[in-house]
Amino acid sequence: MMSDLHLKSIAELSAGLQAGDFSSVELTQHFLDRIERFDGELNALVTLTKDQALAQAEAADARIRSGNAGPLTGIPILHKDIFCTEGVKTSCGSRMLDNFISPYDATVVTRLKDAGVVMLGKTNMDEFAMGSSNETSFYGPVKNPWDTERVPGGSSGGSAAGVAARLGVAATGTDTGGSIRQPAALCGITGLKPTYGRVSRYGMIAFASSLDQAGPMTRSAEDAAYLLAAMAGFDERDSTSVDRPVDDYVGQLNQPLEGLRVGIVKEFFGEGLNAGMSASMQTAVDELKKLGVETVEVSLPHSHYSVPAYYVVAPAECSSNLSRFDGVRFGHRCDDPQDLEDLYKRSRGEGFGAEVKRRIMIGTYALSAGYYDAYYLKAQQVRQVIAGDFRKAFESVDVLLGPASPETAFRIGEKSDDPVSMYLSDIYTIAVNLAGLPAMSLPAPLVDGLPAGLQLIGNYFEEGRLLALAHQLQQITDWHQQTPSGY
Amino acid sequence: MDLEPEEVEKIAHLARIAVAADELDALNTELSGILGLVERMAELDTSDIVPMAHPLDMPQRLRPDVVTEENHRDAYQAVAPATANGLYLVPRVIE
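Residues numbered from 1 in each chain as written. Chains lettered and ligands numbered in written order. Predicted model: local features only at pLDDT ≥ 70, side-chain atom pairs only at ≥ 80, totals over all residues. Heavy atoms only, no water.

## Thoughts on the interface of chain B and chain A
To keep things clear, this is the line we draw: Any two residues having at least one pair of non-hydrogen atoms within 4.5 Å are treated as being in contact. Here the quantity called buried area is the accessible surface, traced with a 1.4 Å probe, that two parts lose on coming together, added over both. Basic side-chain nitrogens of Lys or Arg form a salt bridge, by our definition, when they fall within 4 Å of a carboxyl oxygen of Asp or Glu.
Each partner contributes residues to the interface: chain B has 49 residues there, and chain A has 70 residues. Interface area, chain B with chain A, both sides summed: about 5,000 Å², of which 71% is carbon and sulfur. Taken together, the connections running from chain B to chain A amount to two salt bridges. Note that E30(B) is salt-bridged to R358(A), the shortest N-O span being 2.9 Å.

## Some words on helix α1 (residues 5–14) of chain B
What counts here: Burial here depends on accessible area, computed with a 1.4 Å probe over protein chains only, as a share of the maximum for the residue type. Under 20% is buried, over 50% is exposed, and the range in between is partly exposed. Put simply, DSSP H or I for four residues or longer makes a helix, DSSP E for two residues or longer makes a strand, and each gets a number counted from the N terminus. Starting at the helix axis, one direction is taken to each C-beta atom, and the arc is that of these directions.
Along α1(B), the residues that are buried comprise V8(B), I11(B) and A12(B). Summarising the axial view, the buried residues of α1(B) lie within an arc of 100°, below the 170-degree limit, and thus occupy one face. Those residues of α1(B) that are exposed and aimed more than 90 degrees away from the buried face are E6(B) and K10(B). Residues of α1(B) that are buried in the fold lie against α11 (354–367) of chain A together with α2 (24–38) of chain B. Note on α1(B): the residue one or two positions beyond its end, R16(B), has a positive phi of about 50°.

## As for the pairing of strand β10 (residues 439–447) of chain A
Residue and element names in this part refer to chain A. Put simply, the test is: Note on pairing: DSSP must find at least two bridges between two strands before they are called paired.
The buried fraction of β10 amounts to eight of the nine residues, a majority that puts the element mostly inside the structure. Here β10 runs beside strand β11 (residues 450–458); their pairing, made up of seven bridges, is antiparallel. Paired with A444 across the two strands is A452, which belongs to β11. Between β10 and β11, which pair antiparallel in sequence order, lie two residues; one of them, D448, sits at a positive phi of approximately 50°.

## Overview of the pairing of strand β8 (residues 294–298) of chain A
All names here are of chain A. Put simply, the rule reads: The path from the first strand over the helix to the second decides the hand: if it runs clockwise while the strands point away from the viewer, the crossover is right-handed.
The pairing of strand β7 (residues 261–265) with β8 spans five bridges and is parallel. By the bridge assignment for β8, R261 is matched with E294. Following the chain from β7 across helix α8 (residues 275–289) to the adjacent parallel β8, one finds a crossover that is right-handed.

## Observations concerning a nonpolar patch on the surface
The condition that has to hold: Within the patch definition used here, like charges are joined within 9 Å and nonpolar side chains (Val, Leu, Ile, Met, Phe, Trp, Tyr) within 5 Å, considering only residues with over 30% relative accessible area and no salt bridge. Values of accessible area rely on a 1.4 Å probe in the Shrake-Rupley scheme; residue burial ignores everything except the protein chains shown.
A cluster of nonpolar side chains, V90(B), V93(B) and I94(B), forms an exposed patch at the surface whose accessible area comes to about 290 Å². For V93(B), the position within the fold is in the segment after β2 (87–88).

## Details of the environment of V50(B)
Residue and element names in this part refer to chain B. By the secondary structure assignment, V50 is in the loop between α2 and α3 (73–77). Accessibility expressed as a relative area gives 57% for V50, which makes it exposed. Between the C-alpha atom of V50 and that of S32, which follows or precedes it by 18 residues, the distance is 28 Å.

## As for α11(A)
Rules: In this analysis, the expected span of each helix is defined as 1.5 Å times one less than the number of residues it contains.
When the terminal C-alpha atoms of α11(A) are compared, their 20 Å separation across 14 residues agrees well with the 20 Å that a helix rising 1.5 Å per residue should span. The element α11(A) is largely enclosed, with a buried count of twelve among its 14 residues. Looking only at α11(A), the buried set comprises E355(A), V356(A), K357(A), R358(A), R359(A), I360(A), M361(A), I362(A), G363(A), T364(A), Y365(A) and A366(A). Summarising the contacts, the buried residues of α11(A) are in contact with α9 (306–321), α10 (340–351), α12 (373–396) and α13 (419–423) of chain A together with α1 and α2 of chain B.

## Remarks on the pattern of salt bridges
Inspection of every chain in the model, using the stated rule, returns 21 salt bridges over all chains. For E294(A), the salt bridge goes to R261(A), with nearest N and O atoms at 2.9 Å. Residue E294(A) is located in strand β8, and its partner R261(A) is located in strand β7; the two are separated by 33 residues in the primary sequence. Given the relative accessible area of 37%, E294(A) is considered partly exposed. You can call R261(A) partly exposed: its relative accessible area is 29%. Note that E287(A) is salt-bridged to K290(A), the shortest N-O span being 2.9 Å. Judged by its relative accessible area of 16%, E287(A) falls in the buried class. Each of E355(A), R358(A), R359(A) and E30(B) takes part in one network of salt bridges that share partners.

Structural data, given as structure tokens:
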């Protein structure tokens, strides 16, 4: 029985820990063994925190014995390396932070620690979360466990591959333009991006502050509910955190859904969507209807402007956020700087990879004198139009549906030389970030043996309804239990 | 649109990123490609649209003007490239 612990849900593992069937130390060792066995090939982790994990597991076992454990106490998970972890290297996938030992914990990390989770290690990611394939990482690409010649998606590629290969029970991720949902789709797992402001951004290394949100990456919607319940909530250390009670996501999983109106987004099924992907989505919609939901076609007429608007807003905010990496206070510093300008320029030139430099420069250009109105102001207006499309759609439906990605996992190297083609990987996910809405990707039927992601988009703060819909679909289907062979 | 070579150098300078001379052409092609994608926005008439300031239309939260942070200088400077006497060291800026 101990050999199949990695196949169990959080609720099953929690019950087993409480009943004394196995200890958190045993569970943690099981995953550490799996990481040792499989991660040499996958490259999903950049830092393994074995000693801390076993110490946290021992503490969790003591807490379970003392009778004040919660549902996540003793559950081993992975953190994306974008979250600051006190005393542990926090690289953000960059040479710039290869030497950075964080002096503090991100709020997400603190909250999950308080819930008693065990951190197994930190996951690989696109550098500063800028990428859709995990190929921009300083630590090399992550391999997709479904086909190791393919990308896992990005930027939370290590988290997605790690959960898909069962190297941890669950993982944290962040989503600025699709970085939770697209890798979840390409690796066949469940990933949720909450409403902007629902989860604290404190200690989460900033990329584009008006878009960034953290969320859970798990094997099922039920597991995601457990994780989000611990992650979400007001934090005075994040000035955009929303002071509003957190719903009982787990308790609401079985809420009645009869009569729920699901809008099929017309624009997400147009040209550019692979035929196999379209068939997979249709099968998922047919199953959803068995839950008693109604489906109607809806339009987001300006959604094709979301990628252009995003590639102004996100780079503009990144150029500002990443100005903190100056070779003075932390991170990489060039050797033998001649003067202050040389220190800045060479530290940044050496510390950042090509994609990060491109985005900083696009943002710098868009914000420079004479160009602000044509780029940044225009993009914020387009963003308003896109948010308006969603407002209108939610007047007649409760949830929107479409694919999370136009295609299944592509081959490593296939798009890495063409930034614009890579950017179009996020064509169905970006509009959600621009509007600040919650959305998730969950496994749909495989397409040619590779995972496909069904995307559900909710109105503001309706994470509970999305999770319930996904959970109830997962009760009558087994797509979320598909596992890559060999793991 | 295509950027002029000197524009790429100017952007790199404004961004304080060292770019080698032999990288400028390739960088120009990439940046111009991205700007080409971005410029599709121009098709959309947004003359009466209020720019979005916040996805939830929330005002900035205020807090009482009291000291809440503790002193973390030593912990924060432990990860700095060069410090002395509690100060960050940089190349000389005043002759």
